[in-house]
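# What the coordinates show
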Amino acid sequence: MSAQPGDAIGGRSITIVGAGRMGTALAAALQARGTAVHGPLGRNDPVTGDIVLLVVPDPAIAGAARSVPEGSLVGHTAGALTLEVFGARECFSLHPLMT
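Described below are features of the structure shown in this document. (Residues numbered from 1 in each chain as written. Predicted model: local features only at pLDDT ≥ 70, side-chain atom pairs only at ≥ 80, totals over all residues. Heavy atoms only, no water.)

## Considering the sheet that holds strand β5 (residues 91-93)
- Strand order in the open sheet made by the 5 strands is β2-β1-β3-β4-β5, with parallel pairing throughout. Among the strands making up the open sheet, the edge pair consists of β2 (37-41) and β5. Each strand axis lies, on average, 15° off the axis of its neighbour in the sheet, ignoring direction.
- Two elements, strand β4 (residues 73-76) and β5, share 3 bridges in a ladder whose sense is parallel. Following the sheet pairing, Val74 is matched in β5 by Cys91. (Pairing = 2+ DSSP bridges. Helix = DSSP H or I, 4+ residues; strand = E, 2+ residues; numbered from the N terminus. Axes fitted to C-alpha atoms, helices over the stretch in contact; angles between N-to-C directions.)

## Comments concerning the environment of Gln31
- On the secondary structure map, Gln31 appears in helix α1 (residues 21-32).
- Each C-alpha atom, one on Gln31 and one on Ile14, is 10.0 Å from the other, the two residues being 17 residues apart in sequence.
- Apart from residues no more than four positions distant in its own chain, Gln31 is found in contact with Val37 and Gly39. (Contact = heavy atoms within 4.5 Å.)

## Brief notes about the pairing of strand β3 (residues 51-54)
- Side chains of β3 alternate between two faces, with Ile51 and Leu53 and Val52 and Leu54 buried alike.
- In the sheet, β3 pairs with β4 via 4 bridges, with the strands oriented parallel. Its bridge partner lying in β4, Ile51 is registered against Leu73. (Buried < 20%, exposed > 50% of the residue type's maximum accessible area, 1.4 Å probe, protein only.)

## What about the nonpolar core?
- Among the nonpolar cores identified, the biggest contains 13 residues, and Val17 and Leu54 are the most heavily contacted of them.
- Counting residues per element, the ones that place at least two in this core are β3 and α2 (61-65).
- The leading source of residues in this core is α2, at 3 residues.
- Those residues in contact with Leu54, other than ones at most four positions away along the chain, are Val17, Ile61, Ala64, Ala65, Val68, Val74, Gly75, His76, Thr77 and Phe86.
- Residues Ile9, Ile16, Ala27 and Ile51 belong to the second largest nonpolar core, which totals 10 residues. (Core = buried A, V, L, I, M, F, W, Y, C linked by side-chain atoms within 4.5 Å.)

Keep in mind these numbers describe shape, not what the thing actually does.
Written out as structure tokens, the structure is:
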């Protein structure tokens, strides 16, 4: 997939881990904008991809991060956690507003 104008992820796909309301909503919104999305994945689904967003309960983030391939950019949506949960990995956080 090649990058389109305004494409913030450079034509790469994103894997959403977490099949709850937030993961499902983010996957649908990204797909609607033309982003290739894998998921939302549920528990025990194999995780692959260049960019992996963990949309799981805060206490589950560290464990879920262990399933992400080492070379992947990994992020979370937890408002209560910092990026320290990922150690030295390349990482990001995304805090969507949801009511």
